[in-house]
Amino acid sequence: MPKEVKKSKHLTRLIKAIKLSDGEPISFVTNIEETTAMQITDIYKSRWDIEFFFKFIKQQLNFSHLISRNENGIKVILYATMITALVLLQYKKQEKLTGFKMVKRKFASEIETNLIYDIVIMCGGNPKKARQMLYGKSP
């Protein structure tokens, strides 16, 4: 039984190109009318960078789903995630660490330790004892 052919209600363009790396022909389908074929191919190239970014934040930053569905909420979540990624990348570079699991663990541990130390001081506790307990040494 032949497949039913459905016509689109929208104008589409077929753009054919050849990959420079291996000469393989590739095709792009778009509904964007006012953009050149070269700009369309650049958009598709950028798409892979975006895919790589989302793969990174899903695998390394445990970003599994969007909490909000409105545009502003999505922007806030993405900005917070990007800031977290930048902070972790800087920490990784500063501490000369490899991989991200160890970076996340060490960074979280340092933040926790520093918070506990600060809370002890804010509550009037003995900073010398707190430092010795947390860091295993005297100040």
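Computed from a predicted structure; not experimentally measured.

**Re the overall build of the protein chain**
Piece 1. For the protein chain, the helix and strand inventory stands at four helices and two strands.
Piece 2. Along the first, second and third principal axes, the C-alpha set of the protein chain runs to 80 × 35 × 35 Å.
Piece 3. Every one of the 139 residues in the protein chain was classed for burial, and the buried ones make up 17%.
Piece 4. Taking contacts inside the protein chain between residues at least 6 apart in sequence as the whole, the part at least 24 apart equals 16%.
Piece 5. If you sum the accessible surface of the protein chain, you get close to 11,800 Å²; carbon and sulfur atoms cover 59% of it.
Piece 6. The positive charge centre, built from 24 side chains, and the negative charge centre, built from 13, are 7 Å apart in the protein chain.

**Here's the deal with the environment of Thr 98**
Piece 1. Positionally, Thr 98 belongs in the loop between helix H2 (71–95) and helix H3 (101–122).
Piece 2. Taking relative accessible area as the criterion, Thr 98 reaches 67% and is therefore assigned exposed.
Piece 3. As a C-alpha pair, Thr 98 and Leu 86 span 12 residues in sequence and 15 Å in three-dimensional space.
Piece 4. When neighbours within four sequence positions are excluded, Thr 98 is seen to be in contact with Lys 92 and Val 103.

**Some thoughts on the packing of aromatic side chains**
Piece 1. Scanning all chains against the criterion turns up four aromatic pairs.
Piece 2. Aromatic side chains Phe 53 and Phe 54 sit 5.5 Å apart centroid to centroid with 75° between the ring planes, which places their arrangement in the edge-to-face category.
Piece 3. Take Phe 53: its relative accessible area is 25%, and that puts it in the partly exposed class.
Piece 4. A centroid spacing of 5.2 Å and a plane angle of 75° characterise the contact between Phe 56 and Phe 100, whose relative ring orientation is edge-to-face. Pair noted here: Phe 56 is in helix H1 (residues 37–60) and Phe 100 is in the loop between H2 and H3, with a separation of 44 residues, a long-range link.

**With respect to the nonpolar core**
Piece 1. One finds Phe 56, Ile 57, Leu 61, Phe 63, Ile 77, Leu 78, Ala 85, Leu 88, Tyr 91, Leu 97, Phe 100 and Val 103 forming the largest nonpolar core, which totals 12 residues.
Piece 2. Listing elements by their share of this core, those giving two or more residues are H1 and H2.
Piece 3. With five residues, the single largest contributor to this core is H2.

**A short note on the packing of H2 against H3**
If you want to describe how two helices pack, look at the angle between their axes and the distance between the axes.
Piece 1. Where H2 meets H3, the closest approach of the two axes is 10 Å, and the angle between their N-to-C directions is 95°. One way to sum up the angle between H2 and H3 is to call them roughly perpendicular. Contacts between H2 and H3 pair Val 87, Leu 88, Tyr 91, Lys 92 and Glu 95 from the former with Val 103, Lys 104, Lys 106, Phe 107 and Glu 110 from the latter.
Piece 2. Among the residues forming the contact of H2 with H3, the class breakdown is five nonpolar, no polar and five charged.

**Overview of H2**
Piece 1. Between the first and last C-alpha of H2 there are 36 Å, a value that for 25 residues agrees with the 36 Å anticipated at 1.5 Å per step.
Piece 2. Regarding H2, the residues found buried are Gly 73, Ile 77, Leu 78, Thr 81, Ala 85, Leu 88 and Tyr 91.
Piece 3. The inward-facing, buried residues of H2 contact H1 and H3.
Piece 4. Count one or two residues on from H2 and you reach Lys 96, which has phi positive near 55°.

Conventions we followed
- Numbering of residues starts from 1 in each chain and follows the order in which that chain's sequence is written.
- Given that the model is predicted, a residue must reach a pLDDT of at least 70 before its local features are reported, and side-chain atom pairs must reach 80 or more before they are shown or counted; all residues, however, enter totals for whole chains, interfaces and linings.
- Computation of side-chain values covers all heavy atoms of the structure but excludes hydrogens and water.
- Secondary structure follows DSSP: runs of H or I at least 4 residues long count as helices, runs of E at least 2 residues long count as strands, and numbering of each begins at the N terminus.
- For each residue, the accessible area found with a 1.4 Å probe, counting protein chains only, is set against the maximum for its type, and the residue is called buried under 20%, exposed over 50%, and partly exposed in between.
- By definition in these notes, contact holds between two residues if any of their heavy atoms fall within 4.5 Å.
- What sets the accessible areas is the Shrake-Rupley method with a 1.4 Å probe; for residues, cover comes only from the shown protein chains.
- Only four residue types enter the tally: Lys and Arg on the positive side, Asp and Glu on the negative side, with His and both chain ends excluded.
- Where a charge lies is defined by one atom per residue type: Lys uses NZ, Arg uses CZ, Asp uses CG and Glu uses CD.
- Only rings of Phe, Tyr and Trp enter the pairing, Trp through its six-membered ring, and a pair is recorded when the two centres are within 6.5 Å. The plane angle decides the type: under 30 degrees is stacked, over 60 is edge-to-face, the rest tilted.
- Nonpolar core, defined: a set of buried Ala, Val, Leu, Ile, Met, Phe, Trp, Tyr and Cys residues in which side-chain atoms within 4.5 Å join the residues together.
- Only C-alpha atoms enter the line fits that serve as axes; for helices the fit covers just the stretch in contact. Angles between N-to-C directions range over 0 to 180 degrees.
- Angle categories are assigned with fixed cut-offs, so that under 35 degrees is roughly parallel, over 145 is roughly antiparallel, 65 to 115 is roughly perpendicular, and the rest are oblique.
- Residue type decides the class: Asp, Glu, Lys and Arg count as charged, Ala, Val, Leu, Ile, Met, Phe, Trp, Tyr, Cys and Pro as nonpolar, and the leftover types, Gly among them, as polar.
- The length a helix should cover is 1.5 Å for every residue beyond the first.

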